[in-house]
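# Structural overview for review
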Amino acid sequence: MTSMLNAEARAALTDAGFTEAGLSRRDFLKQSGALIVTFAAAGAATDLLSPNAAFAQGINGSPSNQLDSWIAISADGRVTAYTGKCEFGQGLFTAQTQLVAEELSVPLDRVQLIQCDTALTPDQGTTSGAQSHPTNFNTSNLALAGATAREALLQMASTKLAVPVEQLTAKDGVISALSDPSKRITYGDLVGGKKFELRLNPGAKRKHPSTWTVLGTPVKRLDIPALATGSYEFVHNVRVPEMLHGRVVRPPSVGATLMGVDEASVLKMPGVVKVVVKKNFVGVVAQKPWQAVQAAAKLNATWSRGSGLPDQKTFYQHMRTRPTRDAFTVNSGDVDQKIAGAARVVQATYRYPYQMHASIGTACAVADVKAEGVTIWSATQAVHPLRNTTALLLGVPPANVRIVFKMGAGCYGVNGADTVSYDAALMSQAVGKPVRVQLSRQDEMAWENYGLAFVIDQKIALDASGTIVAWDYEAWSTTLGGRPGANNPGNVVTGFLAGFPPQAFNPRSPAPPAQGDFDNGSNTAPSYVTGRIGTAEAAGTGLVSSERVLSHTVESPFFTGPLRSPARLQNTFAHESLMDEVAASLKADPVEYRLRHLRDPRLKEVVTRAAQTAKWDTRPSPRPANRRTGVVSGRGIACVLYEGDNGYCATVAEVDVNQDTGVVTVKRCVVAMDAGPISNPDGIRNQVEGGIITGVGRTLLEEVTWSADRVTSIDWRTYRPLYLGANVPVVQSVLINQTEGHVMGAGETAITVAAGAIGNAIFDATGVRLREIPFTPERVKAALAARA
Amino acid sequence: MSVFTLKVDGRSRTVDVDPSTPLLYVLTDDLELRGPKFGCGLSQCGACTVIIKGQPVRSCSAPVGQLDGSEITTLEGLGTVENPHPIQKAFIDEQAMQCGFCINGVIMTAKALLDRTPNASDAQIRQAMSGVLCRCGAHQRIFQAIRRYMQANAQGRMA
């Protein structure tokens, strides 16, 4: 059985009372050897998707400031590092291992990283939202722990060797005197097996990127060999003794409540152990998984009628009529006046549907709920918050709950991982044995926390010279539940079915004035405005000083939650499309027109580099002399500073549009990306490629559908994905390694600009502007037919 | 429950299960293999693919009762971390995945094709992969890995 723990780490864990599958019944708060655990209280804030809230998309927890919580060195010099940010396929396990190896000056293979286990690792909240690099690769947390440890070791060596620190060098886990290398001591001899008993030192100096030999290099991912050879232990592969298998039975329609369960309908089926009911939660536990599947299908449960759903055909209009919670991102107060006095006004409305995470593997968890304690193996993004909400769900003290992260399928946000952890916990509590639950494809898709639907109205006012003088944004988006965070198990379907409410929706209208620091965390404000609140400094990336950004959140009939580039993607689609519409109306080149209204040099740089590399032909859109039938080509550009401070990206998309069939083929995307110092160039390239390709799928294909009472997107025929045989663009990455900057995230940036660039390229090819995602062949054909 | 004998990755295995049990559950639960994955249970995504008689089989939809005596190759049967199969090595060299959950379906489907048609055209590869899903967007690298394997194979045959 291969795993990511080497023999050393496994032995260390065993000493501390755990086995790899966490079978120990011992008190897992016991401290042993060099392993120290400091618990921090789970943060009270939950993840609201209010567009104006001043927070990162995921809470970063309140991690320990004790060095021993992050770094341990054994007598033979092996380094164990603990992180609260975990691997989801984005390469973070390897990048963090590189970070520790670099800061501590040890070879890569001497570092063992332990990730996301509430018994072992610091509370870093949620791994999400392109926050892992900013959080752990700058000057706090894991990066600071590495630097603190290195400087502490040098101090200790200086004392031991009687050589001043400045005359020492650390390399390969050995500290020696520069003038006399025979004066040397190993890390193992200095501190091995003992605690540092130091705080993280805010004054500890990171190594400069120009000196990196491990970080910043394209180290091959440490987990890929096991993944490629099928030996990798996903959460789906966790096995514990006496493990049973559970399957859920969800309501048939939205809002339906449980009226009765006829347990006798399944109890005599082979292997069935128990039917578990808690309010509207229903599950069946059996000896073997197929027995559980069959029993769940056969179980006679009676449900009330659902609460009914608004008609999908008029849903965007429906959104505008609901009670709202309103917020200003910015409001200069003079937008109406500028619009009234403008030489010209361009306005448009953009629509973005609910979309799904739709992970390739359905969610799975193994829960072992016993009176002495609870252990859950989960693919959650948030082990510490999940510990808290699981405790609430089960009615046990949080200190009795341990959440062990094990990788699931790529999640792209809050997929079914927390939901299924609750499913398994409830079933295990009911039967008193460990239970493994995996969701069916239908249950996963019907009850996910979808990415928000948006309808966005925008107006741009121009002066006589064609310069933008005002930008007006007003949008409606939908919300229900979200991340459970630390307190709200009802934010996902299982908690809700078990009787916990989703976090309350509190209407508030009108919006209070914008105040405090400008916060573009949801990219509600376009790149082209100054982002000035009151008399504060302009904090946006643009030059347009008359700006109004007003967001309305309305209650959603379906659960919603962060889906890769949440709100940011929908908003950027609208901004970059409108910018292009304005440029076209002025017969201005789209690249030049953007540069004219930007002031942030790094944003201008990615725009310029993407255009140069793509050999952008400078001219207005649409492409002159394109025919009106057959296949035509076009190019478009879009750019963003993700979240206003977390990654610069621009992409040029080149498309073919078959005007007879309406099929759009994205041929190539050139992406320029600046996320500060790069920790692993292949890792960031993989994220750029993945972001663009998944962005193509979301732009051309994906849309949640529903009927009068239930979601109808429940498998891969009814929710269309981008299969491997499909046309995907060649993705060319231009990676700008900004070694002097703050480290930013890169997992959600490229996807943010895909839809805008593709829509702009379609316009360039055909003269037709599409304002509703996805750009299905039907929509494209209808728009082409409506061409004058 | 009935007794079935399967030859899995060269080893004879005997299981006592309901004949309607999809092969996927037998492989992953009874035999504790990690390669094939549950993605949909509907033959729509390919994550569960194994190879039987040279064909890619979606094990989520293949009742074990119909497979008594079959010889089955799974991802773990191709190679190990210490000694990967050349096709697995191609995926490692190209770093051709992100979460890696789809990779079983990708590699087994591609291998089944290339074992039969070593010089498969791009169109044939895309046709074969048209029922396999990757949600992380590793498409470009996956095709690079397949081509890399084909080149290594071609060189091997010429040597």
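Source: prediction; values computed, not measured. (Residues numbered from 1 in each chain as written. Chains lettered and ligands numbered in written order. Predicted model: local features only at pLDDT ≥ 70, side-chain atom pairs only at ≥ 80, totals over all residues. Heavy atoms only, no water.)

Here we come to the overall build of chain A. What chain A contains, in helices and strands, is 20 helices and 24 strands. Here chain A has a C-alpha radius of gyration of 27 Å; the compact-globule value for 788 residues is 28 Å, and the two agree. Principal-axis analysis of the C-alpha atoms places the extent of chain A at approximately 80 × 75 × 50 Å. Residues classed as buried in chain A amount to 65% of the 788 residues present. Working note: accessible area of chain A is about 26,400 Å², and carbon and sulfur atoms make up 52% of it. (Helix = DSSP H or I, 4+ residues; strand = E, 2+ residues; numbered from the N terminus. Rg over C-alpha atoms; globule rule 2.2 N^0.38 Å. Buried < 20%, exposed > 50% of the residue type's maximum accessible area, 1.4 Å probe, protein only. Areas by Shrake-Rupley, 256 points an atom, 1.4 Å probe, with all protein chains shown as cover.)

A tally of helices and strands in chain B yields 6 helices and 5 strands. Along its sequence from the N terminus, chain B presents helices and strands in the succession β-β-α-β-β-β-α-α-α-α-α. Compactness check: chain B gives a C-alpha radius of gyration of 16 Å against a globular reference of 15 Å for 159 residues, within 12% of the reference. For chain B, the C-alpha atoms occupy an extent of roughly 45 × 35 × 30 Å along the three principal directions. In chain B, which comprises 159 residues, the proportion classed as buried is 57%. When contacts within chain B are restricted to residue pairs at least 6 apart in sequence, long-range pairs at least 24 apart make up 56% of them. Total accessible area on chain B stands at roughly 6,100 Å², and carbon and sulfur atoms take up 47% of it. One finds the centroid of the 16 positive side-chain charges in chain B at a distance of 10 Å from the centroid of its 14 negative side-chain charges. (Contact = heavy atoms within 4.5 Å. Lys, Arg positive; Asp, Glu negative; His and termini not counted. Charge placed at Lys NZ, Arg CZ, Asp CG, Glu CD.)

Attention now moves to the sheet that holds strand E4 (residues 55-58) of chain B. Residues and elements named next belong to chain B. The 5 strands lie next to each other as E2-E1-E5-E3-E4, forming an open sheet whose pairing is mixed. The open sheet has two edge strands with one neighbour each: strand E2 (11-17) and E4. Ignoring which end each strand starts from, the neighbouring axes of this sheet average 40 degrees apart. Examined bridge by bridge, strand E3 (residues 49-52) and strand E5 (residues 71-73) share 2 bridges and lie antiparallel to one another. Opposite Ile-51, over in E5, you have Thr-73 as the bridge partner. Where helix H1 (residues 23-30) meets the sheet, it contacts strand E1 (2-8), E2, E3 and E5, and its direction lies at approximately 105 degrees from that of E2. (Pairing = 2+ DSSP bridges. Axes fitted to C-alpha atoms, helices over the stretch in contact; angles between N-to-C directions.)

Another aspect to go through is unusual backbone geometry. Residue and element names in this part refer to chain A. Of note, the amide linkage connecting Ser-509 to Pro-510 takes the cis form, showing an omega dihedral of 5 degrees. Its place among the elements puts Pro-510 in the loop between helix H14 (493-497) and strand E20 (546-555). For the peptide bond that leads from Ile-773 to Pro-774, omega is -5 degrees, which places it in the cis range. The backbone of Ala-162 sits at a positive phi, close to 55 degrees, despite the residue not being glycine.

We now examine the side chain of Thr80(A). Residue and element names in this part refer to chain A. Assignment of secondary structure puts Thr-80 in strand E2 (residues 79-83). The exposure class assigned to Thr-80 is buried, which follows from its relative accessible area of 16%. Ignoring sequence-local partners within four residues, the contact set of Thr-80 consists of Trp-70, Ile-71, Ala-72, Gln-112 and Ile-114.

What follows covers the side chain of Glu581(A). All names here are of chain A. Assignment of secondary structure puts Glu-581 in helix H15 (residues 568-585). For Glu-581, a relative accessible area of 12% gives the class buried. The residues contacting Glu-581, other than those within four sequence positions of it, are Ala-348, Tyr-350, Arg-769 and Arg-771.

What follows covers the sheet that holds strand E5 (residues 174-177) of chain A. Residue and element names in this part refer to chain A. Reading across from one edge, E4-E5-E6 is the order of the 3 strands in this open sheet, with antiparallel pairing throughout. The sheet terminates laterally at strand E4 (168-171) and strand E6 (184-186), the two strands that pair on one side only. On average, each strand axis in the sheet is inclined to that of its neighbour by 20 degrees, with strand direction left out of account. In the sheet, E4 pairs with E5 via 4 bridges, with the strands oriented antiparallel. Pairing of Thr-169 across the sheet is with Ser-176, part of E5. Across the sheet, helix H4 (residues 141-161) touches E4, E5 and E6, and the angle it forms with E4 is around 125 degrees.

Take the packing of helix H11 (residues 383-394) of chain A against helix H12 (residues 417-431) of chain A next. All names here are of chain A. Packing of H11 against H12 brings their axes to within 10 Å, and their N-to-C directions diverge by 40 degrees. The pairing of H11 with H12 is recorded here as oblique in orientation. Considering the relative orientation of H11 and H12, their crossing is right-handed. Counting all contacts with H11, which are made through Leu-386, Thr-389, Thr-390, Leu-393 and Leu-394, the residues of H12 involved are Asp-418, Ser-421, Tyr-422, Ala-425, Leu-426 and Gln-429. (Parallel < 35°, antiparallel > 145°, perpendicular 65-115°, else oblique. Left-handed = near helix turned anticlockwise from the far one by under 90°.)

Let us now look at the pairing of E20(A). All names here are of chain A. The buried count for E20 comes to 9 of 10 residues, which makes it a mostly enclosed element. One ladder, built from 7 bridges, connects strand E12 (residues 324-331) with E20; its direction is antiparallel. Bridge pairing in E20 places Thr-324 opposite Val-554.

Turning to the confidence of the model for chain A, a few remarks are in order. Put simply, chain A has an average pLDDT of 92, and 93% of its residues get 70 or more. Residue range residues 1-58 of chain A is modelled with pLDDT below 50. Its contacts to residues more than four positions away, or to other chains, number 132 contacts. (pLDDT = per-residue confidence, 0-100.)

So, on to the environment of Gly341(A). Summarising the element assignment, Gly341(A) is placed in the loop between helix H10 (335-340) and strand E13 (344-352). Put simply, Gly341(A) and Tyr528(A) are 187 residues apart on the chain and 20 Å apart in space, counted from C-alpha to C-alpha.

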